[in-house]
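Observations on the three-dimensional arrangement
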Amino acid sequence: MKAASVVRPSIVQIEDRPIPKIGPSDVLVKMRACGVCGTDIEKVRGLHITPPMLGHEVVGEIAEIGEQVKGFEVGERVFVHHHVPCYVCHYCRRGDYTVCNSFVQTTIEPCGFAEYFRVPRTNVERGAILKLPSNISYEEGALIEPTACCIRGLSKSRIRPGDDFVVIGCGPMGLTHIRLLTIFGAGRIFGTDVVGFRLEAAKKLGASAVLNPRSEDVVEQVREQTSGRGADGVIVSVGAPEAILQAIDLVRKGGMVVLFGAPSRGAMLSYDVSKIFLKEISLIPSYSTSELETNVALELMASGRLGLSSIITHTFRLEDTAEAIRCAAEAKASLKVIVKSG
Ligand SMILES: [Zn+2]
Ligand SMILES: [Zn+2]
């Protein structure tokens, strides 16, 4: 079968490798669609801070089931979680599932950009396989995991109805946040980006105002439109550390800054931290997601209320995974890029 791998920094190759063999408690899935995540781009560049496996926004069709697995059938359409928490450790008991030691140790084999992948027993037993309702296409299904990541971040922000939010960066994740903010009942939603077509997409998905920091003073504009306070919450949906500093200037006293975009390894900041103290700003990092939020994402999608399919701008064949990742990285005219198979 074909599977993508990073052979050295910046070089993604399609390799021929055997279809993974499954154990009695594993499941084999035939990949049908897998989204390209910002973290995949970092993995290809060799600057990632998350586990190196490529492709985790993955859906497919069950191809084979271990004899001890119950509740699934060959041919069923499914979404699969690559990481699962243990649900019993100190972190899990306090709700911090994505920092559970077991979380990053669990994974699918070989990766999401492969014709087939094995879902190991731990993932199968801990609810990592979700059945896709027939009204969710494979392409849309690839949006479940990234949507769930955003739901988790927004839940951590303790958003209240009517809260004003700024979303820094209107790439696929920023746009997903904007759409979800409308569903969560936000007040004004400001989207910022330096790319015009992304700002247009932000407007279509529910941003009340869009701002381009190259031509506008974003902090001044947001203050002006929030009675001088600043936003109740700011989502930093890019990895650039400077965006965190801007978020601190954009948020009101007592507000929340959600650190959503994964920074590159070693990214540094220098800042007068007394401002954070005096303004009582909460900095809330949100890394990845668990099946608690993916179930919510799937239900929202199945109900037809999510309305995010328009962010899928490009699809590529598995053979062209390198091109797909390049297309997502260049971001010239792309939003969400999806790799398809079979
Ligand atoms: Zn992702
Ligand atoms: Zn745990």
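Here we summarise the structure given alongside this text. Quick caveat: nothing in here was measured; it's all calculated off a predicted structure.

1. Examining the coordination of the zinc ion (ligand 1)
Coordination sphere of the zinc ion (ligand 1), protein contribution only: Cys37 (SG), His56 (NE2) and Glu57 (OE), at 2.1 to 2.8 Å. Taken in chain order, the donor set of the zinc ion (ligand 1) reads C-x18-H-E. You can see Cys37 sitting in the loop between strand E3 (27-35) and helix H1 (38-45) and its partner Glu57 sitting in strand E4 (residues 57-65), a full 20 residues away along the chain. Like Cys37, the residue Glu57 is buried in the burial classification.

2. Let's talk about the nonpolar core
Of all hydrophobic cores here, the largest spans 45 residues; its most connected members are Leu132, Leu175, Ile178 and Leu181. Sorting the residues of this core by element identifies helix H6 (144-156), strand E8 (165-168), helix H7 (172-184), helix H8 (196-204) and helix H12 (291-302) as the ones contributing at least two each. With 6 residues, the top contributor of residues to this core is H6. Formed by 38 residues, the second largest nonpolar core is a distinct cluster that contains Ala4, Val27, Phe113 and Val119.

3. A word on the side chain of His83
Mapped onto the elements of the fold, His83 is located in the loop between strand E5 (77-80) and helix H2 (90-93). Judged by relative accessible area, His83 falls into the buried class, the value being 5%. In this structure the side chain of His83 is engaged in a polar contact, spanning 3.2 Å, whose partner is the backbone oxygen of Phe103. At a separation of 2.7 Å, a polar atom in the side chain of His83 contacts the main-chain carbonyl oxygen of Thr106.

Conventions and cut-offs
Residues numbered from 1 in each chain as written. Chains lettered and ligands numbered in written order. Predicted model: local features only at pLDDT ≥ 70, side-chain atom pairs only at ≥ 80, totals over all residues. Heavy atoms only, no water. Donors = N, O, S within 2.8 Å, 3.2 Å for Na, K, Ca; no water. Helix = DSSP H or I, 4+ residues; strand = E, 2+ residues; numbered from the N terminus. Buried < 20%, exposed > 50% of the residue type's maximum accessible area, 1.4 Å probe, protein only. Core = buried A, V, L, I, M, F, W, Y, C linked by side-chain atoms within 4.5 Å. Polar contact = N/O pair within 3.5 Å; in protein donor to acceptor, adjacent residues only side chain to side chain.

Function cannot be inferred from these measures alone, as they are strictly geometric.
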